[in-house]
Amino acid sequence: YARLNEAQLLHINEPDLGIFIAESPKVIERAMDAGYEPLMMLMERKHLVGEAKEVAARAEDIRIYVGETAQIRDILGYELTRGALCLMRRRDYPSITDCFGNMRRIVILDNVENPTNIGAIVRSAAALGVEGILFANGCADPLFRRTIRVSMGNIFLIPWTVINKGDYMDEIHKLGFK
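Residues numbered from 1 in each chain as written. Predicted model: local features only at pLDDT ≥ 70, side-chain atom pairs only at ≥ 80, totals over all residues. Heavy atoms only, no water.

(A) The arrangement of the sheet that holds strand 2 (residues 37-44) in detail. Strand order across the open sheet formed by four strands is 1-4-2-3, with mixed pairing between neighbours. Of all the strands in the sheet, just strand 1 (19-23) and strand 3 (63-67) have a single pairing partner and so form its edges. Pairwise comparison of adjacent strand axes, ignoring direction, gives a mean angle of 20° for this sheet. Pairing between strand 2 and strand 3: five bridges, direction parallel. (Pairing = 2+ DSSP bridges. Helix = DSSP H or I, 4+ residues; strand = E, 2+ residues; numbered from the N terminus. Axes fitted to C-alpha atoms, helices over the stretch in contact; angles between N-to-C directions.)

This is how it looks when you write it as structure tokens:
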């Protein structure tokens, strides 16, 4: 939770999928609802019997580390703003056709490198009823902790995929998008 950066978490299990951190009981719940597998949780004691009680109950087969606010701050080096963190396993990215085949309105982000901007775009896309999002050619990781937090967990409510192969527009056009 504190010693590895986002890139290290992304690549930690190579060639297998990496992991990411979801923060806050609501975001953890959304990630679990979207099918992401929780691996371990860290939370403040007050949240175990409060906001995170239901999330902890759903994650009965994993380790849940619980501590007082000051204790966790000392371990992490920062204070938790939402009281709960969860390491989660990443999933394979679906193909463009599998992800967007039956959709009419998608957002394409190409080379958007700032995780805060991506999170804000995802949150806005959800509010506008966008059906899917394509992250292409060097976009910041949609599962960076900051992206997830700024999107308010909406990254788990909208289907999305990542493609880093340069020209993807032929595939998009074949699906009927203009």
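(B) Layout of the pattern of salt bridges. By the definition in use, this model includes eight salt bridges. In this structure, Lys-26 and Glu-29 form a salt bridge, with 3.6 Å as the shortest nitrogen-oxygen distance. Separated by three residues within a single helix, Lys-26 and Glu-29 lie in helix 2 (residues 25-33), roughly one turn from each other. With relative accessibility at 23%, the residue Glu-29 sits in the partly exposed group. Between Arg-89 and Glu-37 there is a salt bridge, with the nearest N and O atoms lying 2.9 Å from each other. With a gap of 52 residues between them, Arg-89 in strand 4 (residues 84-89) and Glu-37 in strand 2 connect regions that are remote in the sequence. Salt bridges sharing common partners tie together Glu-23, Arg-145 and Arg-149. (Salt bridge = Lys/Arg side-chain N within 4 Å of Asp/Glu carboxyl O. Buried < 20%, exposed > 50% of the residue type's maximum accessible area, 1.4 Å probe, protein only.)

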